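Descriptive analysis of the structure
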Amino acid sequence: MTPSATPSSPRPRFADAAREALADPASRGELRGSVAAVRARRAAAVAELPDWGELRAAGSAVRERTLLNLDALLEDLERAVIEAGGIVHWAADAAEARRIVRGLVGAGEVVRADAPVLREIGLTATPLPDRLPAARAGVCGIDFMVAETGTMVLLEETGAGRACLALPGPLVAVAGIEQVVPTWRDLEVFLHLLPRSAGGPGGAGRFSPAVSTWTGSAPGDGPGEFHLVLLDNGRTGTLADEVGRAALRCIGCAACVHVCPVYERVGGAPYGPVRAGPIGAILTPQLRGVGSAANASLPFASTLCGACAEVCPVGIDIPEILVHLRGRVVESRRHRPVPTPELAMMRTVAWTLSDRRRYETALRRGTRWARLLARGGRVRRLPGVLGLLGRWTDARDLPVPPPRPFRAWWADRPGGGAR
Amino acid sequence: MRVALFVACFNDALFPGTGRAVTRLLERLGHQVVFPAGQSCCGQVHWTSGYQREAADLARGFAAVFGGDDAPVVVTPSASCAATVRRDYPRIARAAGDAGLARDAEGLRVHELSEFLVDVLGVTDVGARFPHRVTYHPTCHALRALEVGDRPRRLLRAVRDLELVELPEAGECCGFGGAFAMKNADVSVAMVADKVRHVRATAADVVCAVDNSCLAHIGGALTRLRAGVRTMHLAEILAETETV
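Definitions and limits used
- Residues numbered from 1 in each chain as written.
- Chains lettered and ligands numbered in written order.
- Predicted model: local features only at pLDDT ≥ 70, side-chain atom pairs only at ≥ 80, totals over all residues.
- Heavy atoms only, no water.
- Helix = DSSP H or I, 4+ residues; strand = E, 2+ residues; numbered from the N terminus.
- Contact = heavy atoms within 4.5 Å.
- Areas by Shrake-Rupley, 256 points an atom, 1.4 Å probe, with all protein chains shown as cover.
- Lys, Arg positive; Asp, Glu negative; His and termini not counted.
- Charge placed at Lys NZ, Arg CZ, Asp CG, Glu CD.
- Buried < 20%, exposed > 50% of the residue type's maximum accessible area, 1.4 Å probe, protein only.
- Salt bridge = Lys/Arg side-chain N within 4 Å of Asp/Glu carboxyl O.
- Pairing = 2+ DSSP bridges.
- Right-handed = clockwise from strand over helix to strand, strands pointing away.
- Buried area = accessible area lost by both parts, 1.4 Å probe.
- Polar contact = N/O pair within 3.5 Å; in protein donor to acceptor, adjacent residues only side chain to side chain.
- Nonpolar A, V, L, I, M, F, W, Y, C, P; charged D, E, K, R; others polar.
- Arc of directions from axis to C-beta.
- Expected span 1.5 Å × (residues − 1).
- Domains from an automatic or database assignment.
- Axes fitted to C-alpha atoms, helices over the stretch in contact; angles between N-to-C directions.
- Parallel < 35°, antiparallel > 145°, perpendicular 65-115°, else oblique.
- Core = buried A, V, L, I, M, F, W, Y, C linked by side-chain atoms within 4.5 Å.

**Some details on the overall build of chain A**
- What chain A contains, in helices and strands, is 20 helices and 11 strands.
- C-alpha atoms of chain A, sized along the principal axes, occupy 90 × 50 × 45 Å.
- Across chain A, contacts joining residues at least 24 apart in sequence account for 74% of those joining residues at least 6 apart.
- Surface accessibility of chain A: about 18,400 Å² in total, with carbon and sulfur atoms responsible for 57%.
- For chain A, the centre of its 52 positive side-chain charges and the centre of its 42 negative side-chain charges are spaced 14 Å apart.

Here you go:
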């Protein structure tokens, strides 16, 4: 069993990866069609339930309560899994999780069902049909873990994960520590929220066709040996952040992904291996830090349009967290010996705007300069040395400021002088 | 009613016509407009770009001009600035650990123009005439942060001789997003290309919105393509009383 290739060169920043993705018209058209279909199915499935708002509120409340009591719930879960004959492993990071999984399944054929958490730790799926007859052990992800009974819950369209339950050897389930649900009663709300938000085809968009639940291991039924690997990998750090924590409410429906106008045009690759779309843009920088240029670019990979927050079934205010993380990126760069050009510019602009005289002088000067650059009433091309502004005029004109700003007009009105 | 105009720095410099239109419109409706000259910027761009300290400085400045014990009713023709003050100032205050700013923010009474007309003044027919084919782009802040809903459309429908045509995929972002338009210029351009395609499909003469920043983005693509469609802020249409 080998982890998926770890890139040897650093992952590109979002804008660079996105540029490559945009250059492929065939896959763009395909992506656009499939995303639109999922979006339409989700909208229809959600519209069928008059109490969707209440369901969302209930789901948000359960997730928030879970995160606030996570330590106690995880102890309950561990106890229940062990009592039911399962074995619990704790993995601090992806490398430890891989090591544990590899040690448990040993050599020989292994079936791995696809799951976000497996991609996160660098394990990719094995195509099931031809491997299944020879396989001994199985590795799968989990959707929910019920703390009160130690029960694993898997919601699927195809049942690839369920197939792992039928194998003779050990079954290893990997889950993020946040995927716990306190009680069966709490679980119910997610059995409604998840499939409808996911926008699957046909009946799958209402109820998951393959719902598997099992508790530990029992002779003659289900896995002969059951291991649960609970993954931290940056989650406890995220939990400690009052604003960012809400990202861990995620139940993995991908509704935010399918309404995101940025994702619709660039696909999943520019977001890196953890998660795609808006949820990836708030989870990855928190789980992996903002040290690398690629991860630091993710909170900026959004127009903050808010379409994601509107559909999230557990009420994650994704734009709020994006802005919060932008602040973290900027703070991390504030104390460099040489300030970034952007920091210098933003400081200067704020300094100028915070004083009336400075602001009015800048208005006059800016207007003069911009009018010098104008051709035919628009600024059509700015020199590349102007950096970011130059990127605007690659494909769009800039408006030219009229000779007199609003405040000059106001000051000339009868009685319109300074107040 | 006495109304303080927050014109927004972007409009002050680039779209003074919008500020003049708001003034004309409100005065025509019988209200007194004042322009506190100490105003500059609400801090939106700094906040959304991650410059929290600078945003807090600008927010304090805004609160000093428009807040206080006798805080005036404030009207702004920028939905995103209104959203910054109402939704984000408490967050800016929390990030800065500034309880005073949080208190001051609570006392601010900022309305986006269409909210002010429909909710505060209770008017939809402002006596305008504008004999053109118009489509309305609901900007993201108006739609999802302020939730102004169909207020701008109701105002437009009441304008004499105005033909309002629905914009396909209206609720999708134009791709502006402040610094996003430059930091992720390629994605931004891909988004505005689709928005422009939808605008042109309406065969409208004018595309209208309640935020000039988004309109500058859409307009920048329209003029680059020589599309022959004008962009106009809602206030400018509502201020029109042109006769044949």
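**Brief notes about the overall build of chain B**
- For chain B, the helix and strand inventory stands at 13 helices and eight strands.
- Evaluated residue by residue, chain B yields a buried proportion of 63% over its 244 residues.
- Counted over contacts in chain B with a minimum sequence separation of 6, partners at least 24 positions apart contribute 81%.
- Carbon and sulfur atoms provide 48% of the accessible area of chain B, an area that totals close to 8,300 Å².
- Averaging the positions of the 27 positive and the 28 negative side-chain charges in chain B gives two centres separated by 3 Å.

**Digging into the pattern of salt bridges**
- Applying the stated criterion to the full structure yields 48 salt bridges over all chains.
- Here E331(A) ties to R334(A) by a salt bridge, and the two come within 2.8 Å at their closest N and O atoms. With E331(A) and R334(A) both in helix α16 (residues 318-334) and three residues apart, this pair spans about one turn of that helix.
- Judged by relative accessible area, which is 26%, E331(A) ranks as partly exposed.
- Look at R334(A) and you get buried, because its relative accessible area is 5%.
- Between R224(B) and D397(A) there is a salt bridge, with the nearest N and O atoms lying 2.7 Å from each other.

**Here's the deal with the pairing of strand β8 (residues 230-233) of chain B**
Residues and elements named next belong to chain B.
- Direction of pairing for strand β7 (residues 206-209) relative to β8: parallel, over a ladder of four bridges. Residue V207 lies in a different strand from β8, and its bridge partner there is T231.
- Note on the crossover from β7 through helix α12 (residues 212-224) to β8: the handedness is right-handed.

**Focus: the interface of chain A and chain B**
- The partner chain B presents 65 residues to the 67 residues of chain A that form the contact.
- Approximately 5,800 Å² of surface area, both sides summed, lies buried where chain A meets chain B, with 58% of it carried by carbon and sulfur atoms.
- Where chain A touches chain B, the interface holds 15 salt bridges.
- Where chain A touches chain B, the interface holds 34 residue pairs in polar contact (both at pLDDT 80 or more).
- The greatest single-element share of the side of chain A that touches chain B, amounting to eight residues, is contributed by α16(A).
- For the side of chain A that touches chain B, the per-class residue count stands at 34 nonpolar, eight polar and 25 charged.

**Details of helix α1 (residues 14-22) of chain A**
- Regarding α1(A), the residues found buried are F14(A), A15(A), A17(A), A18(A) and L22(A). Across the axial projection of α1(A), the buried residues extend over an arc of 160°, all falling on one side.

**Regarding α16(A)**
All names here are of chain A.
- Given a rise of 1.5 Å per residue, 17 residues ought to cover 24 Å, and the 24 Å separating the end C-alpha atoms of α16 matches this to within 8%.
- Across the 17 residues of α16, 12 count as buried, placing the element largely inside the fold.
- All of the buried residues in α16 are I318, P319, E320, I321, L322, V323, L325, R326, G327, V329, V330 and R334.

**Details of the domain arrangement of chain B**
All names here are of chain B.
- Partitioning chain B into structural domains gives domain 1 (2-120) and domain 2 (133-238).
- Just the C-alpha atoms count here: the centres of domain 1 and domain 2 sit 22 Å apart.
- With 26 residues of domain 1 at the contact, the number on the domain 2 side is 21 residues.
- Summed over both partners, the interface of domain 1 with domain 2 buries about 1,800 Å², with 63% contributed by carbon and sulfur atoms.
- Applying the counting rule to domain 1 against domain 2 returns one salt bridge.
- For D119, the salt bridge is made with R151, and the minimal N-O distance between the two is 2.9 Å.
- Counting across the domain 1 and domain 2 interface gives 10 residue pairs in polar contact (both at pLDDT 80 or more).
- Broken down by secondary-structure element, the contributors of at least two residues to the side of domain 1 that touches domain 2 are α1 (9-14), α2 (16-28), α5 (79-96) and α7 (113-120).
- Tallied by class, the residues present in the side of domain 1 that touches domain 2 amount to 12 nonpolar, eight polar and six charged.

**Notes on the packing of α2(B) against α7(B)**
All names here are of chain B.
- Running from N to C, α2 and α7 cross one another at 10°; their axes reach a closest spacing of 12 Å. Classified by the angle between their axes, α2 and α7 sit roughly parallel to one another. In this structure, α2 contributes V22, L25 and L26 to the contact, and α7 contributes L113, F116 and L117.
- Of the residues assigned to the contact of α2 with α7, the class counts are six nonpolar, no polar and no charged.

**Looking at the side chain of Q52(B)**
- Of note, Q52(B) is situated in helix α4 (residues 52-66).
- Once residues within four sequence positions are removed from consideration, Q52(B) is found in contact with V323(A), H324(A), G327(A), R334(A), W47(B) and A95(B).

**What to know about the sheet that holds strand β6 (residues 163-165) of chain B**
Residues and elements named next belong to chain B.
- The strand order β6-β5-β7-β8 describes an open sheet built from four strands, whose pairing is parallel. Strand pairing shows two members of the sheet lacking a second neighbour, β6 and β8, which therefore form its edges. Taking the axes of each pair of neighbouring strands and ignoring which way they run, one obtains an average angle of 35° across the sheet.
- Pairing of strand β5 (residues 133-136) with β7 involves three bridges; the strand directions are parallel. The partner of T135 across the bridge, within β7, is V207.

**Focus on the nonpolar core**
- Of all hydrophobic cores here, the largest spans 155 residues; its most connected members are L77(A), L228(A) and I316(A).
- Broken down by element, the residue count for this core peaks at eight residues, all from α5(B).
- Mapped onto the domain boundaries, this core takes at least three residues apiece from domain 1 (2-120) and domain 2 (133-238) of chain B.
- Each residue touching I316(A), except ones within four places of it in the same chain, is listed here: A246(A), A247(A), R249(A), C250(A), I279(A), I282(A), A309(A) and I321(A).

**Side note on the pairing of strand β5 (residues 151-156) of chain A**
Residues and elements named next belong to chain A.
- β5 sits mainly inside the fold: six of its six residues count as buried.
- Two elements, strand β4 (residues 144-146) and β5, share three bridges in a ladder whose sense is antiparallel. Note on β5: the bridge partner recorded for M145 is M152.
- Two elements, β5 and strand β8 (residues 210-215), share six bridges in a ladder whose sense is antiparallel. Along β8, the bridge assignment pairs T151 with T215.

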